[in-house]
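Architecture and fold: a report
Each chain, written out:
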Amino acid sequence: MMAPALSPRISRLRRLIDHPATPPAERDAAQRMLDRILAKHPSSGPVGDRDYGQRYHRIGRHATLASIAEMIGQDIAFAKIFSMPQHRAEIAERSPIRDAPVEIGYSVAAPYVGKIIVTIEGVPREWGWVSDCGIDDPSPALQDLADEVAEIMNSYNHDGSDIGKRFFAGVRVPERTLIW
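Now for a description of the structure that goes with this document. (Residues numbered from 1 in each chain as written. Predicted model: local features only at pLDDT ≥ 70, side-chain atom pairs only at ≥ 80, totals over all residues. Heavy atoms only, no water.)

**Some points on the pairing of strand β4 (residues 129-132)**
Across four bridges, the pairing between β4 and strand β5 (residues 135-138) is antiparallel. Each bridged residue has a counterpart across the sheet, and for S131 the counterpart in β5 is D136. Taken together, β4 and the strand that follows it, β5, pair antiparallel across an intervening segment of two residues, in which C133 is found at a positive phi of about 60 degrees. (Pairing = 2+ DSSP bridges. Helix = DSSP H or I, 4+ residues; strand = E, 2+ residues; numbered from the N terminus.)

What follows is the structure in structure tokens.
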């Protein structure tokens with residue numbers, strides 16, 4: 001099995017080699033590149049227990065945290081719009097982002113080196129908080145929303161015993177403690 005970072009390059013080279021419109025000289029050059037990559041990285045299995053998020057390969061290897069934060073913000077906005085009940089393309093029965101009150105907003109920032117924080121703003125008190133003995137706890141709906149946002153953020157991350165996280169993720173609600 002190939003290391004996840006190499007597989008997109010290998011698949012692009014294989015597509016170029018197999019495409020009928022590729023000129024012979026270009027096909028030969030692509031085949032030489034593929035042979036060199038495969039010789040340097042034998043398919044002896046993955047290194048360590050690396051885990052790459054499903055959207056990890058959408059960003060470049062040298063992407064800045066600001067550009068990753070921007071993509072996370074776009075994904076949250078897309079999830080809010082795409083999963084609206086009136087759209088026929090809806091595929092999920094339940095979406096915490098769609099089911100959240102309309103007045104809720106999201107801001108994504110990279111305020112520190114190696115950290116991306118999504119702030120969930122405008123949470124109505126009656127929807128987002130449950131009072132128990134004078135202590136406010138997040139409601140199950142707010143917790144589901146935070147989990148969904150965290151899942152979107154982690155889809156751009158990597159982790160493992162032999163490689164650290166690309167960034168640390170946090171979801172917060174103003175004037176409240178970190179939820180996730």
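**Some points on the side chain of S139**
Along the polypeptide, S139 turns up in the loop between β5 and α6 (140-154). In this structure S139 comes out as buried when scored by relative accessible area, which is 5%. The residues contacting S139, other than those within four sequence positions of it, are W127, G128, W129 and V130. (Buried < 20%, exposed > 50% of the residue type's maximum accessible area, 1.4 Å probe, protein only. Contact = heavy atoms within 4.5 Å.)

**A look at the nonpolar core**
Grouped together as the largest cluster of nonpolar side chains are 28 residues, with contacts concentrated most on I68, I72, I116, L145 and F167. Broken down by secondary-structure element, the contributors of at least two residues to this core are α3 (65-82), β3 (115-121), α6 and β7 (168-172). Apart from residues lying up to four places away in sequence, I68 is in contact with I59, A63, I116, Y156, R166 and F167. Grouped together as the second largest cluster of nonpolar side chains are six residues, I10, A30, L34 and I37 included. (Core = buried A, V, L, I, M, F, W, Y, C linked by side-chain atoms within 4.5 Å.)

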